[in-house]
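# Notes for the structure review
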Amino acid sequence: MTVQELPGSAAAAYRPTPPPAWQPRTDPAPLLPDPEPYRVLGTEAAASADPELLLRLYAELVRGRRYNAQATALTKQGRLAVYPSSTGQEACEVGAALALEERDWLFPSYRDTLAAVARGLDPVQALTLLRGDWHTGYDPHEHRVAPLCTPLATQLPHAVGLAHAARLKGDDVVALAMIGDGGTSEGDFHEALNFAAVWNAPVVFLVQNNGFAISVPLAKQTAAPSLAHKAVGYGMPGRLVDGNDAVAVHEVLGEAVTRARRGGGPTLIEAVTYRMDAHTNADDATRYRADSEVETWRAHDPIQLLERELTQRGLLDDEARQAATRAAEAMAADLRERMNADPVLDPMDLFEHVYARQTAQLREQAAQLRAELDAEEEAR
């Protein structure tokens, strides 16, 4: 509250009211999310959904579920150091990836390997970071997928920077930044939203609210009505969507991407979903949640929801279902075969892609390592 000094009367020197020039910068009402998550499947809106899109979403969901299962198995075989499964969240991952145009950029978190694969990234390359071989196993510029980000929320300011730069250059590009509910407690999240709104940057923020930040439930992170409500504080729209409804996710993301591309600025979307597996293979989820809670969410499985709609509309029969399963198994077999091959690593790669031009210190360190490697080779 502003305390403004009044001229004239000394007896009434101050008044505890805002100055006359104060006014809201933005009408908050249009920015507020709906009270319930937006849904398509199971509603009248599902009847008008594009059959081709439904079938593509279904095939990607089935492939994504198998990808998660195979990657988890690879951790048990020692072929992956760690894997954060997105089982149960496949609709968020696929819906987000398919909402983007080829020229757009995806900024994923560590759990978003499936989104990167759905965007066209090689499944093995998407796992290189989690294998511990390289910081990233692909060329971000080639695929327009930023490196998988393990520090929470640090990719969000990067997404805003790229989107802002694209806008200044006149490029028709949108950045999509993905994050979990736990990442919304990080400072980078708030800084990114503030800059995005002030700059009117063409960026979309997708929060996958899967219920837990490792073992911490959402109620212990925020007292807000929803994470989507946080948008109004920064001056951007907030949307709330059923994260297990692939069609709804694709629609809401598509609208936000189109709005950003047309100069409408950023949007914060909260997708309400659930992490069926543990946080990673190193986590014991039974220590902080009950099996009954997990089983309740299994009734809202994203694959089953879409499969029910396709079956009711006569778009999916046993043959089509088996074809999707066979394609997913073929992907898993190829992933398994290539991941079981020991990679050939060059220690000198430590000094690649650190700077565009190596610093004197890096050149000195590289020379020292090369001398040590040559000495070991001569000693054999």
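Each remark here, short or long, concerns the structure printed above.
Owing to the predicted nature of the structure, the values given are computational and were not obtained by experimental measurement.

Scanning the protein chain for helices and strands turns up twelve helices and nine strands. If one aligns the C-alpha atoms of the protein chain with their principal axes, the spans along those axes are about 95 × 65 × 45 Å. Counting every position in the protein chain, which comprises 380 residues, the buried fraction comes to 45%. Pairs at least 24 apart in sequence give 74% of the contacts found in the protein chain among residues at least 6 apart.

With that out of the way, let us pick up the side chain of N244. Relative to the helices and strands, N244 is located in the loop between β8 (238-242) and α8 (246-261). Looking at N244, the relative accessible area reads 2%, which means it is buried. Within the local environment of N244, its side chain forms a polar contact with the side chain of T273, the two groups lying 2.7 Å apart. Among residues more than four places away in sequence, those in contact with N244 are G88, A91, V272, T273, Y274, W297, H300, P302 and L305.

What follows deals with helix α6 (residues 155-169). Taking 1.5 Å per residue, 15 residues should reach 21 Å; α6 reaches 21 Å between its end C-alpha atoms and fits that length. Looking at α6, one finds that the buried residues are Q155, L156, A159, V160, A163, H164 and A166. Those residues of α6 that are buried are in contact with β3 (105-107), β4 (175-180), α7 (187-199) and β5 (203-209). Among the residues trailing α6, G170 stands out with phi positive, at a value near 85°.

Okay, unusual backbone geometry next. In this structure, N200 is a non-glycine residue whose phi angle is positive, near 55°. Mapping N200 onto the fold places it in the loop between α7 and β5.

Below, the discussion takes up empty space enclosed by the protein. Under the counting rule described, the total for this entry stands at one cavity of 30 Å³ or more. Size it by volume and the largest cavity reaches roughly 40 Å³. Here the residues of the lining of the largest cavity are counted per class, giving four nonpolar, three polar and two charged.

With that settled, consider the side chain of H164. Along the chain, H164 falls in helix α6. Not counting residues within four places of it along the chain, the set of residues in contact with H164 comprises W199, A201 and P202.

Strand order in this open sheet of five strands is β3-β4-β5-β9-β8, and the pairing throughout is parallel. Both outer strands of the open sheet, β3 and β8, are each paired with one neighbouring strand and no more. The mean angle between the axes of side-by-side strands here comes to 20°, regardless of whether they run parallel or antiparallel. Those strands touched by α7 are β4, β5 and β9 (267-272), and its axis lies near 150° from that of β5.

Moving on: the layout of surface pockets. By rolling a water-sized probe across the atoms, one finds the places where empty space is left. By volume, the largest pocket amounts to about 480 Å³. Classifying every residue of the lining of the largest pocket gives eight nonpolar, four polar and five charged. Taken together, 20 residues line the second largest pocket, and the ones lying closest to its centre are Y110, L152, G180, G182 and H279. Of the residues assigned to the lining of the second largest pocket, the class counts are seven nonpolar, nine polar and four charged.

How each quantity is defined
- Residues numbered from 1 in each chain as written.
- Predicted model: local features only at pLDDT ≥ 70, side-chain atom pairs only at ≥ 80, totals over all residues.
- Heavy atoms only, no water.
- Helix = DSSP H or I, 4+ residues; strand = E, 2+ residues; numbered from the N terminus.
- Buried < 20%, exposed > 50% of the residue type's maximum accessible area, 1.4 Å probe, protein only.
- Contact = heavy atoms within 4.5 Å.
- Polar contact = N/O pair within 3.5 Å; in protein donor to acceptor, adjacent residues only side chain to side chain.
- Expected span 1.5 Å × (residues − 1).
- 1 Å grid on protein atoms, 1.4 Å probe; cavity = no way out; pocket = protein on both sides within 12 Å on 5 of 7 lines; lining within 4 Å.
- Points joined across faces, edges and corners; volume = space filled by probe spheres on them.
- Nonpolar A, V, L, I, M, F, W, Y, C, P; charged D, E, K, R; others polar.
- Pairing = 2+ DSSP bridges.
- Axes fitted to C-alpha atoms, helices over the stretch in contact; angles between N-to-C directions.

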